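As a plain string of letters, each chain reads:
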Amino acid sequence: MATGIQRLVRRALLARLKANAGLTALVPTASINPDGEPTWPHIRLRAPVTRRLRAAGVNGGEGSFDVHAFARSRYDAGARVETAEDHAGRIGAAIEAALADNRIALEGGGMVRIEVTDMRLLEDDTPDAYHWFAQVNWRALAS
């Protein structure tokens, strides 16, 4: 497996999410995989799994990341204008669009093919909050 491919894939996924105008209209760039205590809404990329991919003339890896979006209800002048469930669902749809079954160039060469699967929308432990998450499956060939 190419050394550090998991890090390269994570960086490529985060760059794609942070560069997507439709997504950053809903979640500020600073709240996409933030360090420290996040502000709401926010997105986290977690739980990477990587497997070696090696065959004649092929060197790379395949695996998955979990992408999580957390949202609360939205209010304007004290009136609820969007439920937490709808807010998290819209953010999830924007993540799906940003990552939609794509190929992304990796730093230093190589490509990663991604596919978003297993989307879920659940009530969060935090009151008046929802949690959307999905699995991002990937396969990368190193140059």
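Before reading further, recall that the structure is shown in the block above.
Just so it is clear, the structure is predicted and the values come from calculations on it, not from any experiment.

## Concerning the nonpolar core
Residues Val9, Leu13, Ile43, Ile91 and Ile95 are the most contacted members of the largest nonpolar core, which totals 35 residues. If you list the elements that add at least two residues to this core, you get α1 (5-18), β1 (42-55), β2 (58-72), α3 (84-99), β6 (111-123) and β7 (129-141). Those residues within four positions of Ile43 in sequence are excluded, and the remaining contacts are Leu23, Val27, Ser31, Ile32, Asn33, Pro34, Val67, His68, Ala69, Ile91 and Ile95.

## Side note on the environment of Asn102
With respect to the helices and strands, Asn102 occurs in the loop between α3 and β5 (103-105). By relative accessible area, which is 22% here, Asn102 ends up partly exposed. Considering only alpha carbons, one finds Asn102 and Val112, 10 residues apart in sequence, at a separation of 8.2 Å. Other than its neighbours up to four places away in sequence, Asn102 contacts Arg16, Val112, Arg113 and Ile114. A polar contact of 3.4 Å, which involves the side chain of Asn102, links it to the side chain of Arg16.

## Focus: the environment of Arg74
Mapped onto the elements, Arg74 comes out in strand β3 (residues 74-76). Overall, the relative accessible area of 34% leaves Arg74 in the partly exposed class. The spacing of Arg74 and Pro34 is 40 residues in sequence and 21 Å in space, taken between C-alpha atoms. Excluding anything up to four places from it in sequence, Arg74 contacts Ala79, Arg80, Val81, Glu82, His87 and Arg90.

## Let's talk about unusual backbone geometry
The residue after Trp40, namely Pro41, is reached through a cis peptide bond having omega -15 degrees. Positive phi is not limited to glycine here, since Ala47 has a value of about 55 degrees. Relative to the helices and strands, Ala47 resides in strand β1. The exposure class assigned to Ala47 is partly exposed, which follows from its relative accessible area of 43%. For Asp118, which is not glycine, the phi torsion reads 55 degrees and is therefore positive.

## Thoughts on α3
Given a rise of 1.5 Å per residue, 16 residues ought to cover 22 Å, and the 22 Å separating the end C-alpha atoms of α3 matches this to within 8%. When α3 is considered as a whole, its buried residues turn out to be Ala84, His87, Ala88, Ile91, Gly92, Ala94, Ile95, Ala98 and Leu99. Looking down the long axis of α3, one finds its buried residues gathered within 160 degrees of arc, a one-sided arrangement. Following α3 by one or two positions, Asp101 adopts a phi angle in the positive range, close to 25 degrees.

## Section: the packing of aromatic side chains
All told, the structure shown has one aromatic pair when counted by the stated rule. Ring centres of Trp40 and Phe70 lie 6.4 Å apart, and the angle between their planes is 75 degrees; on these two criteria the pair is classed as edge-to-face. Of the two residues, Trp40 sits in the loop between α2 (21-24) and β1 while Phe70 sits in strand β2, which places them 30 residues apart along the sequence. Residue Phe70 is classed as buried on the basis of its relative accessible area, which comes to 15%. Its guanidinium or amino end placed over the ring of Trp40, Arg72 lies 4.0 Å from that ring's centre, counting from NZ or CZ.

Scoring rules and cut-offs
Residues numbered from 1 in each chain as written. Predicted model: local features only at pLDDT ≥ 70, side-chain atom pairs only at ≥ 80, totals over all residues. Heavy atoms only, no water. Core = buried A, V, L, I, M, F, W, Y, C linked by side-chain atoms within 4.5 Å. Buried < 20%, exposed > 50% of the residue type's maximum accessible area, 1.4 Å probe, protein only. Helix = DSSP H or I, 4+ residues; strand = E, 2+ residues; numbered from the N terminus. Contact = heavy atoms within 4.5 Å. Polar contact = N/O pair within 3.5 Å; in protein donor to acceptor, adjacent residues only side chain to side chain. Expected span 1.5 Å × (residues − 1). Arc of directions from axis to C-beta. Phe/Tyr/Trp six-rings, centres within 6.5 Å; stacked < 30°, edge-to-face > 60°. Lys NZ or Arg CZ within 6 Å of the ring centre and 35° of its normal.

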